[in-house]
Amino acid sequence: MNNLIFPKKYDLIVVGAGHAGCEAALAASRMGAETLLLTINLNTIAQMSCNPAIGGPGKGHLAREIGALGGEMANIIDQAGIQFRMLNKKKGPAVWAPRAQADKLQYHLLMKKVLEEQTFLEIKQFLVSGLVVTKKQVKGVITNTKLVFLGETVIIAGGTFFNGLIHIGGTALSGGRLGEFASIALPEYIKKIGLEINRLKTGTPTRVHQRSIDYSAFIAQPGDKNPCPFSYDTKKIDIKQVDCYLGYTNQKTHKLIRDNLHRSPLFTGKIKGVGVRYCPSIEDKVVRFAEHNRHQIFFEPEGRDTKEIYLNGLSTSLPQDVQLKMFKTIPGLINAEVMKFGYGIEYDFINPLQLYATLETKKIKNLYFAGQINGTTGYEEAACQGIIAGINAVLKIRGQKPFVLERTQAYIGVLIDDLVTKGTQEPYRLFTSRVEHRLILRQDNADLRLSQFAYKFGLISKQKIAKIKNKQQAIIVGIDKLNKLKHANNAFSKILKQPGVTYKKLLKLDSRLTVVSQDVEEQIEIELKYAGYIQREKTLIERLKKLEDKKIPAEFAFHQIKGLKQESKEKLIQIKPRSIGQAMRISGVSSSDLSLVLLHIDKPKKSKK
């Protein structure tokens, strides 16, 4: 059967409508590019495959940065959220992290509606089985029905669907999620065109019916009284919030698990992929942390109008009968009514060292990868890659300079730089601890840091950028006034640094101070209370900027440098760092190696006679 070519040609084709695919398609179409979004199932667009939540340490920063760049995740969670909390509030502002429980179905429906209403964007249900590649450049995609869609650029955002294999005890089922097709042909095609594919593993816990839980055995976890929105456009979260609950496993639970490790595919060798270090399965936790008498379980509703409860902390691939027995060991879950068993899933991912910081592949021009397929875990990590890939795909078509966020500019910059510079051997999760300049890159100032890029690319309106500039000016004016005005011979800025003193308290002391909005107030307080630390960070960033500004030519001949260690030479050739700063972060590349590289970059070219 001959391939049929679809009559319309697109600027960008996005394969996969998970969190990465949605943000990629929206960014590109909002920039005016004719975009096609292909998904295996229209009814699972932006599906929350695992936990029903957005945000948390590191992840909350990403979600707010996505919103600041004109993405949709922050807007959707503000509408679909059923509980909002700011985590780590007792610590410094660098690690404050917004998190929201989501109504999973509503999140999907809201995102689907936004996609369907977006101009320059078409959505179609197809399973992609191959690519059209000519002379090392992608030209389109081929579906399993032999239909060809042609496009200038292609973004693959396949999530866990590449050769997805689901494990429940000794049973293994092909699937990207339980009950859904895996993508088999496309990863095989990608191997054929020379890209390296490896294997990872993740998992999900059991879901139980709410009526079968005795909540009196657990600790209520209510939302914040004055919840903080994710989107800078949301004025206020005004909803009736739903409680979550905290419980624990015990020694009986752990004994049952240890007695059945011989039936866990994780320990029998059936699962070959590397699992998530920071979100391990319960059987993995029991083995790795044998000294712990208990492990946390968070009871999280999957929505406002469903009785399905997600047992965060009990991810497992143990057999179904063991999962049932496990609940009998936990007071409050003795009569648990299982709605969906937990399972592990293995899947293929692309070695991210094969990507530029734009997320374009080094081997095939105009082909991009974004999301969990690049070795990350989490909706937020996926979505931020999607928006970066979408922006860069359009810039590539237009022949414009690529968009790369540095580590000093955003959490997104740290995540992508880690992937393309260091690679990953396990599902990558972003934490605040990975971010060197976290006091500068706070979740509260993402709009001030990134919105100018969104405006430049046409992702936010003129009115919105004007509002942000007004906010920025109000902060400058407010700080300046506090520095100049005095009370009892002390500048107000000095008084504000004292513990327990807030801007609101200062207003009562002097009528010359101006009432400002809550978000401006927060910025003024943080900037002044942490002024010394912030200035130190800014000085360090300026020094590091010189290394990032020292560019390495795209086709630089590392192989010709005499004296360069073989390991360093191989890694530099593979990764092709864009700057001396990035080269410094490659493991195994020493300062002496970098000195040789610098010497050759600065070496004057011989003039031709």
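Structure's up top.
Residues numbered from 1 in each chain as written. Predicted model: local features only at pLDDT ≥ 70, side-chain atom pairs only at ≥ 80, totals over all residues. Heavy atoms only, no water.

A.B. asks: Where do I start with the pairing of strand 11 (residues 171–174) in this structure?
C.D. replies: Looking along a regular strand, one sees the side chains alternate between the two faces of the sheet. In this sheet, strand 11 lies alongside strand 10 (residues 165–168) in antiparallel orientation, the contact comprising 4 bridges. The residue of strand 11 that forms the bridge with Leu 165 is Ser 174. Linkage of strand 10 to strand 11, two consecutive antiparallel strands, is achieved through a turn of 2 residues, within which Gly 169 is found at a positive phi near 60°. (Pairing = 2+ DSSP bridges. Helix = DSSP H or I, 4+ residues; strand = E, 2+ residues; numbered from the N terminus.)

A.B. asks: Just checking my understanding: could you explain the state of the cysteines for this structure?
C.D. replies: As used in these notes, a disulfide is a covalent bond between sulfur atoms, one from each of two cysteines. For the coordinates displayed, the defined rule picks out 0 disulfides. Take Cys 22: it sits in no disulfide, and the sulfur closest to it among the cysteines is that of Cys 384, at 14 Å. Free cysteine: Cys 244, not disulfide-bonded; nearest cysteine sulfur from Cys 50 at 15 Å. (Disulfide = S-S within 2.5 Å.)

A.B. asks: Explain the pattern of salt bridges here, please?
C.D. replies: Any two side chains of opposite charge can pair if their charged atoms end up close together. Taken as a whole and assessed by the stated rule, the structure comprises 40 salt bridges. Across the salt bridge formed by Glu 302 and Arg 207, the nearest N and O atoms sit 3.2 Å from each other. Here Glu 302, found in the loop between strand 15 (296–301) and strand 16 (308–315), pairs with Arg 207, found in strand 12 (residues 197–209); they are 95 residues apart in sequence, far enough to count as distant. Glu 302 sits in the buried class, given a relative accessible area of 6%. Exposure remark for Arg 207: the relative accessible area of 1% places this residue in the buried category. In this structure, Arg 512 and Asp 510 form a salt bridge, with 2.7 Å as the shortest nitrogen-oxygen distance. Classification of Asp 510 by relative accessible area gives buried; the value is 10%. A single network of salt bridges, built from pairs that share partners, joins Glu 406, Arg 407, Asp 417, Asp 418, Lys 422, Glu 436, Glu 548, Arg 578 and Arg 585. (Salt bridge = Lys/Arg side-chain N within 4 Å of Asp/Glu carboxyl O. Buried < 20%, exposed > 50% of the residue type's maximum accessible area, 1.4 Å probe, protein only.)

A.B. asks: I would appreciate a short explanation of the pairing of strand 15 in the present structure.
C.D. replies: With 4 bridges connecting them, strand 14 (residues 244–248) and strand 15 associate as antiparallel partners. Bridge pairing in strand 15 links Gly 247 to Ile 297. Looking at chain direction, strand 15 and strand 16 are connected through 4 bridges and run antiparallel. Note that in strand 16 the partner of Phe 299 across the bridge is Leu 311. From the end of strand 15 to the start of strand 16, which pair antiparallel, there are 6 residues.

A.B. asks: Can you walk me through the packing of helix 12 (residues 446–456) against helix 13 (residues 462–484) in this structure?
C.D. replies: When two helices pack together, you describe them by how their axes are tilted relative to each other and by the distance separating the axes. Across the interface, helix 12 lies against helix 13 with an axial gap of 10 Å and an inter-helix angle of 150°. By the angle between their axes, helix 12 is roughly antiparallel relative to helix 13. Judged by the sense of rotation from one axis to the other, the crossing of helix 12 with helix 13 is left-handed. Residue-level contacts link Asp 447, Leu 448, Ser 451, Gln 452 and Tyr 455 of helix 12 to Lys 462, Ile 465, Ile 468, Lys 471, Gln 472 and Ile 475 of helix 13. The residue inventory of the contact of helix 12 with helix 13, partitioned by class, reads 5 nonpolar, 3 polar and 3 charged. (Axes fitted to C-alpha atoms, helices over the stretch in contact; angles between N-to-C directions. Parallel < 35°, antiparallel > 145°, perpendicular 65-115°, else oblique. Left-handed = near helix turned anticlockwise from the far one by under 90°. Contact = heavy atoms within 4.5 Å. Nonpolar A, V, L, I, M, F, W, Y, C, P; charged D, E, K, R; others polar.)

A.B. asks: Explain helix 3 (residues 73–80) to me, please; I cannot follow it from the model alone.
C.D. replies: Residue pairs three or four apart in sequence face the same way in an α-helix, which turns once every 3.6 residues. Where burial is concerned, most of helix 3 is hidden: 7 out of the 8 residues are buried. Along helix 3, the positions that sit buried rather than exposed are Met 73, Ala 74, Asn 75, Ile 76, Ile 77, Asp 78 and Ala 80.

A.B. asks: Which parts of the structure should I look at to understand unusual backbone geometry?
C.D. replies: Glycine aside, residues mostly have negative phi, and peptide bonds are mostly found in the trans state. In this structure, Asn 88 takes a positive phi of about 65° despite not being glycine. Within the element layout of this structure, Asn 88 appears in the loop between strand 4 (81–87) and strand 5 (97–102). Despite not being glycine, Lys 136 shows a phi value in the positive range, around 60°. With respect to the helices and strands, the residue Lys 136 is situated in the loop between strand 7 (128–134) and strand 8 (137–143).

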